[in-house]
Amino acid sequence: MSNLSEEGLTHVKTLACDKLLQARVDAKLSGKRMEDIMNRLTVAMPTPRDGRTREPSIPASFLAAKAEGLVGAAKPKRRTEIDLERENGGCGVYSQDMRKLYLLDDPTWKWDAMPEIWEGKNVVDFVDPDIEAKLAALEEEEEAWEREHDGDMEESWELDEEESTLLEAIRSKKKQMREAHHLKKSKNSAIMPRRGRQHTTEEIATHLESVGVPSEGIRERGRSRTPARKAKRSRDDEESAMEIDATSTSTDGRAMKRPARARSVSRARSVSKTPQQQGLKDEKQVKKANKMMKAGQKKMNRMARAGEAD
């Protein structure tokens, strides 16, 4: 044994491992637990029942295959659909032929032309055998008729000056309608409700006349249905009324002033402050608050933040 050339090291390792394993087995067999286990085990030793020699039975087919050299030879690889796909153009070009998987009484029927059934009948049974010849004759007859009436058809297609003008007007109107529809459709805004649209009587009458609808009586009907405007009270009248309300007479005939108040308490209360104006008593404090708010947002604007949580 040499540590330099490692000669004999493997043999020594194997010998040491075998002795260690044998020592552990002997230690287990000498214990009390092994006696309980051995009592449960039965080792059968078969003995020959007679003097006959029983050789192994090998099938004759296996011996014939072995003689031909088929036993142990590499089996031919079965061609799969992946192999066929790679040979015929790859994915997207090759289409699997499902007809070869049909289970029919006669395998030669797999690639037969399938009949086209219409209303429970096979269309192939009603095809005229001379259909090709008849179709060729019909095409020749049609070409001959076109040659004879070619000049007549061109003359019938000519338009006079009035028809040409009308045709140009129709095409121009259709083009304008398409462009208007495209512009109306491409608007990125909310559609105004019909009630909110403002149209004058003149616009309505002009539109009706442009589409060919009589507009007689539209203007008079619009004027008759226009609601009468209520007379608005001027500012001078309101101030004079407030002065009259604020002045009263005492019991001894002397004029006595009392604090002026609005004519309607509910009208004075109808004007509410925005959340930004609540807690501020005058316009000066509102401007100061807005100025402080903008100054506080300068730092966030420099950092390109959308808000405090960004």
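Refer to the structure printed above.
Not measured: the values here are computed from a predicted model.

A. Quick peek at the overall build of the chain. Of regular secondary structure, the chain possesses 12 helices and four strands. Per-residue burial over the chain gives 5% buried out of 310 residues. Sequence separation of at least 24 residues holds for 4% of the intrachain contacts in the chain that already meet a minimum separation of 6.

B. Spotlight on the side chain of Lys-110. Residue placement: Lys-110 occurs in the loop between helix 4 (81-87) and strand 1 (117-118). For the buried Lys-110, no salt bridge is present, and the opposite-charge side chain at shortest range is Asp-106, 9.1 Å distant. Side-chain polar atoms of Lys-110 contact the backbone oxygen of Lys-100, separated by 3.0 Å. Ignoring sequence-local partners within four residues, the contact set of Lys-110 consists of Arg-99, Lys-100, Tyr-102 and Leu-104.

C. Focus on the environment of Ile-204. Turning to its location among the elements, Ile-204 is positioned in helix 8 (residues 201-210). The partly exposed category is assigned to Ile-204, whose relative accessible area is 40%. For the pair formed by Ile-204 and Ile-218, sequence separation is 14 residues and the distance between their alpha carbons is 8.3 Å.

D. Layout of a negative patch on the surface. A cluster of acidic side chains, namely Glu-139, Glu-140, Glu-141, Glu-142, Glu-143 and Glu-146, defines a negative patch on the protein surface. Here Glu-142 shows up in helix 5 (residues 131-148). Judged by relative accessible area, Glu-142 falls into the partly exposed class, the value being 46%.

E. Focus on helix 12 (residues 283-302). The first and last C-alpha atoms of helix 12 sit 29 Å apart over 20 residues, in line with the 28 Å expected at 1.5 Å per residue. Considering bend angle alone, the principal kink of helix 12 is centred on Gly-296 and spans about 25 degrees. Among the 20 residues that make up helix 12, two are buried, leaving the element largely open to the surroundings. Two residues or fewer after helix 12 comes Ala-304, characterised by a positive phi angle close to 60 degrees.

F. Spotlight on the side chain of Asp-83. Mapped onto the secondary structure, Asp-83 falls in helix 4. For the buried Asp-83, no salt bridge is present, and the opposite-charge side chain at shortest range is Arg-86, 4.3 Å distant. If near-sequence neighbours (up to four positions away) are discounted, Asp-83 is found in contact with Lys-77 and Arg-78.

G. Highlighting the environment of Glu-308. Mapped onto the elements of the fold, Glu-308 is located in the segment after helix 12. The exposure class assigned to Glu-308 is exposed, which follows from its relative accessible area of 70%. When the C-alpha positions of Glu-308 and Gln-297 are compared, they lie 9.3 Å apart, and in sequence the two are 11 residues distant.

H. How the structure looks around the pattern of salt bridges. Within the structure shown, the criterion is met by five salt bridges. For Arg-99, the salt bridge identified is with Asp-97, shortest N-O distance 3.3 Å. With a relative accessible area of 31%, Arg-99 lands in the partly exposed category. For Lys-134, the salt bridge is made with Asp-128, and the minimal N-O distance between the two is 2.6 Å. Residue classification places Asp-128 among the partly exposed positions, given a relative accessible area of 27%.

Rules used in this analysis
- Throughout this description, residue numbers start from 1 for each chain and increase along the sequence as written.
- pLDDT decides what is reported in this predicted model: residues at 70 or higher carry local features, side-chain atom pairs at 80 or more are listed and counted, and totals for whole chains, interfaces and linings draw on all residues regardless.
- In computing side-chain properties, one takes all heavy atoms of the structure into account and sets aside hydrogens as well as water.
- Strands here are runs of E lasting at least two residues and helices are runs of H or I lasting at least four, both read from the DSSP assignment and numbered beginning at the N terminus.
- Relative accessible area decides the class of each residue, using a 1.4 Å probe on protein chains only: under 20% of the type maximum gives buried, over 50% gives exposed, and in between gives partly exposed.
- Throughout, a contact is declared for two residues whenever any of their heavy atoms are within 4.5 Å.
- The charge count treats Lys and Arg as positive and Asp and Glu as negative. His and the chain ends do not count.
- When a carboxyl oxygen of Asp or Glu is within 4 Å of a side-chain nitrogen of Lys or Arg, the pair counts as a salt bridge.
- Here a polar contact is recorded for every N or O atom pair within 3.5 Å, except that within protein the pair must consist of a potential hydrogen donor and a potential acceptor, and residues adjacent in sequence are included only if both atoms are side-chain atoms.
- Candidate patch residues must exceed 30% relative accessible area and have no salt bridge, after which like charges are joined if within 9 Å and Val, Leu, Ile, Met, Phe, Trp or Tyr side chains if within 5 Å.
- Accessible areas in this description were obtained via Shrake-Rupley with a 1.4 Å probe; residue shielding takes into account the shown protein chains only.
- The atom standing in for a charge is NZ when the residue is Lys, CZ when it is Arg, CG when it is Asp and CD when it is Glu.
- Expected helix span is computed as 1.5 Å times (number of residues minus one).
- Note on bend: at a given residue it equals the angle between the axes fitted to the 7 residues ending there and to the 7 starting there.

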